[in-house]
Protein chains: 2
Amino acid sequence: MKQILMMSSSRKGNLAYMEHADDQLHAVLRARAGRVLFVPYAGGITFSYDDYEARVKPVFERLGYELESIHRHRDPRAAVERAQAIAVGGGNTFALLERMYDAGIVDLIRERVSAGVPYIGWSAGSNVVCPTIRTTNDMPIVEPPTFKALGLIPFQVNPHFIGGKPAGHNGESREERLAEYLAIHPGESVVGLPEGTALHVQGENATVLGEFDVLHFKQGGVIDRIATGSTFALASL
Amino acid sequence: MKQILMMSSSRKGNLAYMEHADDQLHAVLRARAGRVLFVPYAGGITFSYDDYEARVKPVFERLGYELESIHRHRDPRAAVERAQAIAVGGGNTFALLERMYDAGIVDLIRERVSAGVPYIGWSAGSNVVCPTIRTTNDMPIVEPPTFKALGLIPFQVNPHFIGGKPAGHNGESREERLAEYLAIHPGESVVGLPEGTALHVQGENATVLGEFDVLHFKQGGVIDRIATGSTFALASL
């Protein structure tokens with residue numbers, strides 16, 4: 001059964017790195033073997049993969065899970081094949097997807113997670129769980145071979161969801177961007193994840209985790225709330 | 001001689017549509033024939049091309065220029081071939097570039113503008129003047145065949161530039177995004193255009209227009225100001 005945690009972000013408000021996520025991480029990793037393979041490819045741009053691993057490792061160790069970054073393995077595909085759980089960190093979604101394709105691990109991660117290997121993603125790591133990365137907030141600093149991603153769930157999410165825009169600024173608001181996405185892709189819908197929220201996918205259902213409700217952006221400008229704690233069928237969106 | 005106006009945005013603060021841009025538009029169109037071909041492809045997603053043309057037309061008419069949208073022409077390539085000036089509006093940069101490729105006008109606009117046909121772009125219409133669209137702020141709602149764009153100038157710009165981020169929000173700031181862009185593309189630099197500013201390219205030089213200075217993001221986290229009113233050689237960045 002699929003076990004996927006899609007977190008909006010690594011931080012909520014002014015909390016320390018992952019401080020809000022203990023329960024969310026346990027929800028997915030609990031009762032599973034203790035070693036997590038970390039994919040740092042969304043980062044490692046203005047800091048090293050080593051630094052990224054050093055930031056994430058203590059979070060998982062504190063909860064009783066070992067963690068090692070995929071960049072320490074000569075063969076990234078073999079590392080995914082052996083992984084007991086996979087964690088994909090935030091950063092730039094375009095860089096993440098490009099490097100996942102470079103490493104040849106996109107199909108492999110899809111297969112393994114479909115077969116029940118737990119997957120934990122935050123921010124960019126949640127974007128790539130979706131059919132495509134077309135609802136990322138990130139700058140397209142590199143060009144991946146395709147926007148197609150893992151497709152482990154049948155709808156798009158928008159991490160770091162925040163409404164409105166800075167006073168006097170005329171860039172598009174997040175709501176406007178998602179309305180454009182939906183207008184150009186009739187029949188689809190998007191789940192906006194405010195910081196501190198997550199979706200916990202178990203098989204064909206998802207449960208909303210965190211302090212806040214998440215937002216379901218539908219065709220025609222309709223926005224529903226999905227209450228925290230509630231569970232819905234993936235196919236129902 | 002190339003005559004290009006790259007505006008950050010269609011609005012500055014709470015001013016009405018294009019209200020800040022009269023001088024900037026005259027600077028490029030002055031002494032040229034009076035008909036402007038409008039490319040609305042960045043919009044027309046949550047509103048129609050007709051509506052977009054109707055919003056832009058009075059701005060140009062008030063200044064003494066006729067304007068007609070390319071969507072009224074059966075053959076978009078023929079329309080570009082005959083254009084006396086080209087205006088490319090804002091909206092979604094990915095949609096704009098995809099539709100420009102669909103219409104087969106990317107190479108043609110590059111050729112005509114290189115040959116001296118004035119080009120006016122704002123927001124997404126400024127992004128596509130650059131070598132690629134990799135410094136757009138927009139959501140990748142559609143996937144163009146490539147990120148390569150008109151390449152009429154040798155560096156990237158970032159329209160709607162605004163520093164910082166909302167309090168308590170943990171998405172990347174614009175500065176962080178551009179620092180990542182530069183880290184992954186050594187040797188490049190990016191010009192951030194705050195709203196209300198523009199670059200006026202004349203041949204191989206550009207002049208900063210507007211009330212504010214623009215920002216030159218360089219390797220290693222260095223950010224220089226380029227003063228409004230000053231002129232620099234395109235190749236000097």
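For the structure, see preceding data.
Rules and cut-offs
- Residues numbered from 1 in each chain as written.
- Chains lettered and ligands numbered in written order.
- Predicted model: local features only at pLDDT ≥ 70, side-chain atom pairs only at ≥ 80, totals over all residues.
- Heavy atoms only, no water.
- Salt bridge = Lys/Arg side-chain N within 4 Å of Asp/Glu carboxyl O.
- Helix = DSSP H or I, 4+ residues; strand = E, 2+ residues; numbered from the N terminus.
- Buried < 20%, exposed > 50% of the residue type's maximum accessible area, 1.4 Å probe, protein only.
- Contact = heavy atoms within 4.5 Å.
- Buried area = accessible area lost by both parts, 1.4 Å probe.
- Polar contact = N/O pair within 3.5 Å; in protein donor to acceptor, adjacent residues only side chain to side chain.
- Nonpolar A, V, L, I, M, F, W, Y, C, P; charged D, E, K, R; others polar.
- Pairing = 2+ DSSP bridges.
- Axes fitted to C-alpha atoms, helices over the stretch in contact; angles between N-to-C directions.
- Right-handed = clockwise from strand over helix to strand, strands pointing away.
- Phe/Tyr/Trp six-rings, centres within 6.5 Å; stacked < 30°, edge-to-face > 60°.

J.: What is the right way to read the pattern of salt bridges from this model?
T.: If the charged atoms of two oppositely charged side chains come close together, the side chains can form a pair. Following the criterion strictly, the structure yields 22 salt bridges over all chains and no others. The closest approach of N and O atoms between R177 of chain B and D138 of chain A, which form a salt bridge, is 3.7 Å. Of the two residues, R177 of chain B sits in helix α7 (residues 174–184) while D138 of chain A sits in the loop between α6 (124–127) and β6 (156–161), which places them in two different chains. On the basis of relative accessible area, R177 of chain B is assigned to the buried category, the value being 15%. Taking relative accessible area as the criterion, D138 of chain A reaches 6% and is therefore assigned buried. Because the salt bridges share partners, they merge into one network encompassing D50, E53 and R72 of chain A.

J.: What's the story with the interface of chain A and chain B in this structure? I'm lost.
T.: Note: interface size is frequently given as the accessible area lost on complex formation between the parts. The interface is formed by 43 residues belonging to chain A together with 43 residues belonging to chain B. Overall, the association of chain A and chain B removes approximately 3,600 Å² of surface from exposure, summing both partners, and the carbon and sulfur fraction of that is 60%. Applying the counting rule to chain A against chain B returns 15 residue pairs in polar contact (both at pLDDT 80 or more). Elements with a minimum of two residues in the side of chain A that touches chain B: α4 (93–103), β6 and α7 (174–184) of chain A. Here the element with the most residues in the side of chain A that touches chain B is α7 of chain A; it accounts for 8 residues. Its residues assigned to classes, the side of chain A that touches chain B shows 16 nonpolar, 16 polar and 11 charged.

J.: How should the environment of E176 of chain A be read in this particular structure?
T.: Residue and element names in this part refer to chain A. Tracing the backbone through its elements, the reader meets E176 in helix α7. E176 gets classed as partly exposed once you look at its relative accessible area, which sits at 36%. Spatially, the C-alpha atom of E176 lies 9.6 Å from that of G163, the residues being 13 residues apart in sequence. Once you skip the residues sitting within four places of it in the chain, E176 turns out to touch K165 and G171.

J.: Mind showing me how you'd approach the sheet that holds strand β10 (residues 214–217) of chain A here?
T.: Where strands meet in a sheet, backbone hydrogen bonds hold them as pairs that are either parallel or antiparallel. All names here are of chain A. If you walk across this open sheet you meet the 4 strands as β6-β7-β10-β11, and the pairing is mixed. Each of the sheet's edge strands pairs with one partner strand only, and the pair in question is β6 and β11 (223–226). The average undirected angle you get between the axes of adjacent strands in this sheet is 25°. With 4 bridges connecting them, β6 and strand β7 (residues 190–194) associate as parallel partners. Residue pairing across strands places Q156 opposite V190, the latter belonging to β7. In this fold α7 packs onto β6, β7 and β10, with an angle of close to 170° to the strand it touches most, β6.

J.: Which parts of the structure should I look at to understand the pairing of strand β6 (residues 156–161) of chain B?
T.: Looking along a regular strand, one sees side chains alternate from face to face of the sheet. Burial runs high along β6 of chain B: 6 of the 6 residues are buried. A crossover links β6 of chain B with its parallel partner strand β7 (residues 190–194) of chain B, the connecting element being α7 of chain B, and its sense is right-handed.

J.: Sorry if this is basic, but what is going on with the pairing of strand β9 (residues 205–209) of chain B here?
T.: Residues and elements named next belong to chain B. The element β9 is extensively covered by neighbouring structure, given that 4 of its 5 residues are classed as buried. Direction of pairing for strand β8 (residues 198–202) relative to β9: antiparallel, over a ladder of 5 bridges. From the neighbouring strand, A198 faces β9, where its bridge partner is L209. The hairpin formed by β8 and β9 contains 2 residues between the paired strands, and G203 there has a positive phi angle of roughly 65°. Summarising the sheet, β9 and strand β12 (residues 231–233) pair through 3 bridges and their orientation is antiparallel. If you follow A206 over to β12, its bridge partner there is F232.

J.: What is the right way to look at the packing of aromatic side chains in this model?
T.: Any pair of aromatic rings gets described here by the distance separating the centres and the angle formed by the planes. In this structure the tally under the stated criterion is 18 aromatic pairs over all chains. Ring plane angle 55° and centroid distance 5.3 Å describe the contact between F161 of chain A and F217 of chain A, whose orientation is recorded as tilted. One end of the pair, F161 of chain A, is in strand β6; the other, F217 of chain A, is in strand β10, and 56 residues separate them in sequence. On the accessibility criterion, F217 of chain A (4% relative accessible area) is buried. Centroid distance F38 of chain B to Y52 of chain B: 5.0 Å. Interplanar angle 85°. Geometry classified as edge-to-face. Taken as a pair, F38 of chain B in strand β2 (residues 35–39) and Y52 of chain B in helix α2 (residues 49–62) lie far apart in primary sequence, 14 residues in all.

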